[in-house]
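Residues per chain, in single letters:
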Amino acid sequence: MILGATSWQVPGTYLDNAQLLAGHVAFSELLVYTWNDEVRRMLEQEWNDMNDLLELSVHLPADSLEHAADALSFFSDRKVLRYTVHPILDVPALRSFLSSGVDLVGERLCLENLENDVFDTVMPCVEDIPFSITMDYGHLLFMHASADHFIGAWGARVQEIHFHGYDGTNCHVGPDESTLSTFANLMDHHFGERADVPVCVETFDWRVTLGIIKSLTSRSAISAGT
């Protein structure tokens with residue numbers, strides 16, 4: 001497993017955050033909140049410099065499948081570890097996106113479980129399409145769902161993992177020691193021999209994120225790759 005973290009740890013551009021992360025993790029997950037000419041221009045200008053610093057994964061826009069499709073088309077011929085997309089309840093639209101997306105980038109396209117039951121609702125209607133899965137551990141905590149059960153159902157398709165804490169109200173916060181230990185043990189048990197699986201820390205305060213990075217690399221088979 002290789003360790004990464006999200007962009008937007010500090011105010012600035014994608015490149016500013018990549019420069020911060022370089023030397024601490026193996027990859028940055030670029031959070032692409034929407035898609036427009038401004039975002040495209042920024043990524044075009046910064047891509048080569050970021051790619052020289054560390055590997056890149058992409059979280060596609062969640063504001064619409066149209067934006068997600070446009071962004072995926074932009075990134076499809078670039079060196080990207082994984083592409084994560086959120087599920088929606090419009091099954092025909094989701095099937096169309098996933099089918100065309102797999103044609104573009106293959107199994108690097110990953111559908112993510114959220115802080116609701118949409119993933120479980122739509123999976124029976126789309127699972128025949130050979131996309132992969134991003135398992136968000138923090139969202140499972142939020143849903144009081146079993147990670148072992150999720151892995152039992154979908155583990156063979158999990159190609160990226162997101163990690164953050166849940167404090168009883170909010171996700172994407174720093175995890176407590178029990179959560180860190182449980183997660184590290186779970187990763188070693190189920191994914192320890194899968195060296196190519198990206199594990200992304202999804203917290204947005206650099207001090208918190210750096211503490212999680214240090215903790216995970218000291219207690220599991222996850223490698224910072226630096």
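Definitions and cut-offs
- Residues numbered from 1 in each chain as written.
- Predicted model: local features only at pLDDT ≥ 70, side-chain atom pairs only at ≥ 80, totals over all residues.
- Heavy atoms only, no water.
- Helix = DSSP H or I, 4+ residues; strand = E, 2+ residues; numbered from the N terminus.
- Buried < 20%, exposed > 50% of the residue type's maximum accessible area, 1.4 Å probe, protein only.
- Pairing = 2+ DSSP bridges.
- Right-handed = clockwise from strand over helix to strand, strands pointing away.
- Axes fitted to C-alpha atoms, helices over the stretch in contact; angles between N-to-C directions.
- Parallel < 35°, antiparallel > 145°, perpendicular 65-115°, else oblique.
- Left-handed = near helix turned anticlockwise from the far one by under 90°.
- Contact = heavy atoms within 4.5 Å.
- Nonpolar A, V, L, I, M, F, W, Y, C, P; charged D, E, K, R; others polar.
- Salt bridge = Lys/Arg side-chain N within 4 Å of Asp/Glu carboxyl O.
- Expected span 1.5 Å × (residues − 1).
- Polar contact = N/O pair within 3.5 Å; in protein donor to acceptor, adjacent residues only side chain to side chain.
- Arc of directions from axis to C-beta.

(A) Representation of unusual backbone geometry within the structure. The backbone of His144 sits at a positive phi, close to 55 degrees, despite the residue not being glycine. Mapped onto the elements, His144 comes out in the loop between α6 (137-142) and α7 (147-154). A residue is classified by how much of its surface remains accessible, and His144, at 68% relative accessible area, is exposed. At His172, a position not held by glycine, the phi torsion is positive, near 60 degrees. Inspection of the secondary structure puts His172 in strand β9 (residues 171-173).

(B) Summary view of the pairing of strand β3 (residues 55-59). Extensive coverage of β3 is indicated by the burial of 4 of its 5 residues. In the sheet, strand β2 (residues 27-31) pairs with β3 via 5 bridges, with the strands oriented parallel. From the neighbouring strand, Glu29 faces β3, where its bridge partner is Ser57. Where the polypeptide runs from β2 across helix α2 (residues 37-53) and back to β3, its parallel neighbour, the crossover connection is right-handed. Relative to strand β4 (residues 83-85), β3 is paired through 2 bridges, and the arrangement is parallel. Each residue of the ladder has a partner; that of His59, found in β4, is Thr84.

(C) The packing of helix α8 (residues 177-191) against helix α9 (residues 206-219), seen in detail. Where α8 meets α9, the axes come as close as 10 Å, and the angle between the chain directions of the two elements is 45 degrees. With respect to α9, the axis of α8 lies oblique. Relative to α9, α8 is oriented so that their crossing is right-handed. Residues Glu177, Leu180, Ser181, Phe183, Ala184 and Asp188 of α8 form the contact with α9, whose participating residues are Ile212, Ser215, Leu216 and Arg219. Its residues assigned to classes, the contact of α8 with α9 comprises 5 nonpolar, 2 polar and 3 charged.

(D) Fine view of the pattern of salt bridges. In this structure the tally under the stated criterion is 4 salt bridges. Put simply, Arg95 and Asp128 hold a salt bridge, and the shortest N to O gap is 2.8 Å. One end of the pair, Arg95, is in helix α4 (residues 91-105); the other, Asp128, is in the loop between α5 (118-126) and β6 (132-136), and 33 residues separate them in sequence. Residue classification places Asp128 among the exposed residues on the basis of a relative accessible area of 55%. Note that Glu177 and Arg219 form a salt bridge whose closest N and O atoms lie 2.9 Å from each other. Taken together, the positions of Glu177 in helix α8 and Arg219 in helix α9 put the pair 42 residues apart, joining distant regions of the chain.

(E) Focus on the sheet that holds strand β10 (residues 198-201). In space, the 8 strands of this closed barrel follow the order β1-β2-β3-β4-β5-β6-β7-β10, with parallel pairing throughout. If you compare each strand with its neighbour and ignore which way they point, the axes differ by 30 degrees on average. The sheet contacts of α7 involve β6 and β7 (158-163), and relative to β6 the element is tilted by about 175 degrees.

(F) Quick look at α9. In this model, α9 (14 residues) spans 20 Å end to end at C-alpha, consistent with the 20 Å of a helix rising 1.5 Å per residue. Listed as buried for α9 are Trp206, Thr209, Leu210, Ile212, Ile213, Ser215 and Leu216. Those residues of α9 that are buried lie in contact with β1 (2-6), α1 (14-21), β7, α8 and β10. Its side-chain oxygen placed 3.0 Å from the backbone nitrogen of Arg207, Asp205 serves as the N-cap of α9.

(G) Structural detail: α1. Along α1, the residues that are buried comprise Tyr14, Leu15, Asn17, Ala18 and Leu21. Along α1, the residues classed as buried sweep out an arc of 160 degrees about the axis, all on the same side. The elements touched by buried residues of α1 are β1, β2, α2 and α9. Where α1 begins, one side-chain oxygen reaches toward the backbone nitrogen of Leu15, 3.3 Å away; that side chain belongs to Thr13. At the C-terminal side of α1, Gly23 shows a positive phi close to 95 degrees.

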